Amino acid sequence: MGDAAYTIRLDSLEVMIGLGIHPGELAAPQRVLVSVAMTCRYPAPPEDRIDAVVDYDHVREGIHAIAAGEHIMLQEVLCERVAALCLADRRVVQVTVSSTKPDIYPDAQIGCEITRVREG
């Protein structure tokens, strides 16, 4: 049994969050979609127990906690905070985080995506 990479995904989590720099964004929370793809390493196949793998419930709850916190000006900062949350688990070796504001423009969605890799 050797180590293998698994991609754990949390797609389009909808949160209400204080995010943005414009007056309307500063006045009230807005709908934001957050997606996460974590590349995780553990023995293959993993034991059939939740503590043997990365639990996306923890990631989901952490994103909700970030959304309930202080106002964030930039999507880049939101993505960095979510990436740090994911990389706190040593089994996560890479994470891609995207945030999307679907309601800013009537004809487009705007967003940010980052990828961070565990150093060492």
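Refer to the structure printed above.
Residues numbered from 1 in each chain as written. Predicted model: local features only at pLDDT ≥ 70, side-chain atom pairs only at ≥ 80, totals over all residues. Heavy atoms only, no water.

Participant: Go over unusual backbone geometry with me, naming the residues and quoting the values.
Facilitator: A cis amide bond links Ala-44 to the next residue, Pro-45, at an omega of -15°. Relative to the helices and strands, Pro-45 resides in the loop between β2 (30-43) and α2 (56-68). Positive phi, normally seen in glycine, also occurs at Ser-12, with a value near 55°. Assessed through its relative accessible area of 45%, Ser-12 is described here as partly exposed. (Helix = DSSP H or I, 4+ residues; strand = E, 2+ residues; numbered from the N terminus. Buried < 20%, exposed > 50% of the residue type's maximum accessible area, 1.4 Å probe, protein only.)

Participant: So, the sheet that holds β2: which residues are in play, and what are the values?
Facilitator: Taken together, 4 strands build an open sheet; the order of strands is β1-β2-β3-β4 and the sheet is antiparallel. Either end of the sheet is taken by a strand with one partner, and the two such strands are β1 (3-17) and β4 (110-117). Between one strand axis and the next, the sheet turns through 10° on average, direction left out of account. The pairing of strand β3 (residues 92-101) with β4 spans 8 bridges and is antiparallel. In the strand pairing of β4, Lys-101 is matched with Ile-110. Together, β1 and β2 form the strand contacts of α2, whose direction differs from that of β1 by roughly 30°. Packed onto the sheet, helix α3 (residues 75-87) meets β1, β2, β3 and β4 and runs at close to 150° relative to β3. (Pairing = 2+ DSSP bridges. Axes fitted to C-alpha atoms, helices over the stretch in contact; angles between N-to-C directions. Contact = heavy atoms within 4.5 Å.)

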